[in-house]
Amino acid sequence: MLMGNGLGSAITKDGNPLALHYVMFLPALISQASQEQMAYWIGRAWAGQIIGTYAQTELGHGSFLRGLETTATYDPDSEEFVLHSPTITSIKWWPGGLGKTANHAVVMAQLYTEGKCWGPHAFIVQLRDLDTHASLPGISVGEIGPRLGTNSQDNGFLRLHHVRIPRLHMLMQHAQVTKSGEYVQPASSKLTYGTMVFVRVAICFDAGRQLQRAVTIATRYSAVRRQSELVPGEGEVQVLDYQTQQHKLLPQLATVFAVTFSARRLWETYNSVTHGPKEAQLALLPELHVLSCGLKAACASDCSLGCDVCRLACGGHGYLASSNLPRIVTATTATQTYEGENTVMWLQVARYVTFSSAIYRTASMVQVLSCLFQQLAQVARTYLYLLKVYSDGLESGEEAGPSVQFLREPRPDLTAPSHARLTNYGLVMGWRVAVVALLQEAQQELQRRVAAGQQPDRARDACSLTLVDAAQCYIRGHMCCQFVAGVDELQGLSAGTTLVLQQLCRLYLLYHASSSHLLRHGWLSGADVSQLEAEYRALLTELRQDAVAL
């Protein structure tokens, strides 16, 4: 239901104090509580008898989960956990709804039992009296102060002073602590990925919804606003008739669809995995987790920048609060830092792609690309389709590269009449080639530094910019692929609507094909770039007439 309605549909003008109750507190219970715990908590939470939030980030630690300082020490004599914030930096900081609204929280704390630390685990803690709403003994809680935006979300702080909770308030679907204090390890630490995947998909949907609002406002404004004469004496024209304005807005319009197709596909895959056999969860949740990290970072960044482009496209009027654009911009900007700061997300994707990079040492580009698509097919079934088309070309005896038929198609063009045009699949494949090349660069640089005596971790950090580039190419290619496949799979639309969506998809691919990585690593030639730029400009003209309808 949450995904169907979209998180954005529940957002107030400046944030929603109940957002984390539905998007993090309830999902955490569903994915981490035992059956007995869910029977006790879920009904009350769903009915609003208790209001929860999710308290993980601390004043001193955000994305570095292992560095959390809040402790939960088990006392076997009383069968209770003692939760404590030992330092100023261990104060929980930022949870939405914590400042004034929530009376419960899922608190992430370092678990100590039998003299050993077992790492961060989730605990349900009651914060406020259910009748008076006063904070309970040992709990200091309040708002953190005004923010750049979302000030209705009452982001708060929480400091715990030796607060005791029952043993069964530790969420125990995966790991348990017995009455005697024995720690029972989970079957796999990977099982905790589910909540993070859920939340990050929600962020993708929300960021896309905000860009949807911004581009709707800016496109309608540009169709109404008239400014200057294109041809002297013919009167002022709609701002949207200018190619420069089309270049600002139409790629943002296409981005909304790219985000939607990508987030929906990840959400469908996540649901199919989590409702499947436990073995499938263990095998696929790490890949889904990494893909959700990358999509969260890409969608947050694309949509944040896109919303500001829409604001700028409205000139001075976009700076007015009444345009709603300043609020949209500030709300969307926040997605780049909460639930995983974007740079940290990219480094996680880079780490995964690097660890999976043994396939990149295969002898030929044919094997490299084939292995790569087989790997990616595990997390996105769309790649099975691309792999089949690509394999069919190889089996027919064609060489890998720009001459493979499905990568290029003949198309007479004014700028290069004899040059075959890169197809959508050819452009998608270019991102995969860039990933391969960037990982090879990083590997060579890493080996050079280690051979020169540099400590391996420091050598890896020195290669992090290249690795982040590889991660971003990996995700951009995924989003391009999802857009292509999403349009191809649509049914029941008129021929005209289908054509417009195909054009919009092509525009998105061409807009991002200007990346230097596709040119630098040899997938595009100078002639390709000139041809693609000409096609891009032609598509701006074609799609201008459908911009408002889209």
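All of these numbers come straight from a predicted model, not from anything done at the bench. (Residues numbered from 1 in each chain as written. Predicted model: local features only at pLDDT ≥ 70, side-chain atom pairs only at ≥ 80, totals over all residues. Heavy atoms only, no water.)

Within the protein chain one finds 16 helices and 15 strands. Considering the protein chain as a whole, with its 550 residues, one finds that 52% of them fall into the buried category. Taking as baseline every contact in the protein chain between residues at least 6 positions apart, the subset at least 24 positions apart corresponds to 71%. For the protein chain, the exposed area adds up to about 24,400 Å²; of that, 55% sits on carbon and sulfur atoms. (Helix = DSSP H or I, 4+ residues; strand = E, 2+ residues; numbered from the N terminus. Buried < 20%, exposed > 50% of the residue type's maximum accessible area, 1.4 Å probe, protein only. Contact = heavy atoms within 4.5 Å. Areas by Shrake-Rupley, 256 points an atom, 1.4 Å probe, with all protein chains shown as cover.)

Here the focus is the environment of Val548. Its location among the elements puts Val548 in the segment after α16 (526-544). Look at Val548 and you get partly exposed, because its relative accessible area is 48%. Distance from Val548 to Ser222, taken between C-alpha atoms, is 9.4 Å for residues 326 residues apart in sequence. Not counting chain neighbours up to four residues away, the residues in contact with Val548 comprise Thr219 and Ala223.

What follows concerns the pattern of salt bridges. Within the structure shown, the criterion is met by 15 salt bridges. The residue Arg448 makes a salt bridge to Glu445 at a minimum N-O spacing of 2.7 Å. Separated by three residues within a single helix, Arg448 and Glu445 lie in helix α11 (residues 424-451), roughly one turn from each other. Owing to a relative accessible area of 24%, Glu445 belongs among the partly exposed residues under this scheme. The salt bridge involving Arg506 is made with Glu535; its shortest N-O contact spans 2.9 Å. Linking Arg506 in helix α14 (residues 495-513) with Glu535 in helix α16, this pair joins segments that are 29 residues apart in sequence. Assigned by exposure class, Arg506 and Glu535 land together as buried. (Salt bridge = Lys/Arg side-chain N within 4 Å of Asp/Glu carboxyl O.)

The subject of this paragraph is unusual backbone geometry. Excluding glycine, a negative phi dihedral is what most residues carry, and trans is how most peptide bonds are arranged. The backbone of His162 shows a phi angle near 50°, a positive value even though the residue is not glycine. Within the secondary structure, His162 is located in the loop between β8 (156-160) and β9 (163-166). One non-glycine residue, Asn324, adopts positive backbone phi at about 75°. Locating Asn324 in the fold gives a position in the loop between α6 (278-313) and α7 (325-333).

Once that is clear, we can look at the sheet that holds strand β4 (residues 92-93). The antiparallel open sheet is built from three strands, whose spatial order is β4-β8-β7. Across the chains shown, the open sheet's two edge strands, defined by having one partner strand only, are β4 and β7 (139-143). Bridging between β7 and β8 involves five bridges; their strand directions are antiparallel. Residue pairing across strands places Val141 opposite Leu158, the latter belonging to β8. (Pairing = 2+ DSSP bridges.)

Before going further, it helps to spend a moment on the environment of His21. Along the chain, His21 falls in helix α2 (residues 19-32). For His21, the residues in contact, after removing those within four places along its chain, are Leu26, Ala45, Ile50, Ile51 and Gly52. Within the local environment of His21, its side chain forms a polar contact with the backbone oxygen of Ala45, the two atoms lying 2.9 Å apart. (Polar contact = N/O pair within 3.5 Å; in protein donor to acceptor, adjacent residues only side chain to side chain.)

To continue, consider the UniProt feature "active site" (unreviewed entry) in the protein chain. When the UniProt feature table is mapped onto this chain, "active site" (unreviewed entry) is found at Glu339. Checked against the element boundaries, Glu339 lands in the loop between α7 and α8 (342-355). Among residues more than four places away in sequence, those in contact with Glu339 are Met24, Val199, Arg200, Ile203, Lys296 and Met345. (UniProt positions renumbered as here; feature names shortened; annotations may be inferred.)

Further remarks concern the packing of α2 against helix α3 (residues 35-46). When two helices pack together, you describe them by how their axes are tilted relative to each other and by the distance separating the axes. Remark: α2 packs on α3, axes separated minimally by 10 Å, with the N-to-C direction vectors making an angle of 165°. Taken together, α2 and α3 sit at an angle that is classed as roughly antiparallel. For α2 against α3, the interelement crossing comes out left-handed. Side by side, α2 and α3 meet where His21, Tyr22, Phe25, Leu26, Leu29 and Ile30 of the first sit next to Met38, Trp41, Ile42, Ala45 and Trp46 of the second. Per-class residue counts for the contact of α2 with α3 are ten nonpolar, one polar and no charged. (Axes fitted to C-alpha atoms, helices over the stretch in contact; angles between N-to-C directions. Parallel < 35°, antiparallel > 145°, perpendicular 65-115°, else oblique. Left-handed = near helix turned anticlockwise from the far one by under 90°. Nonpolar A, V, L, I, M, F, W, Y, C, P; charged D, E, K, R; others polar.)

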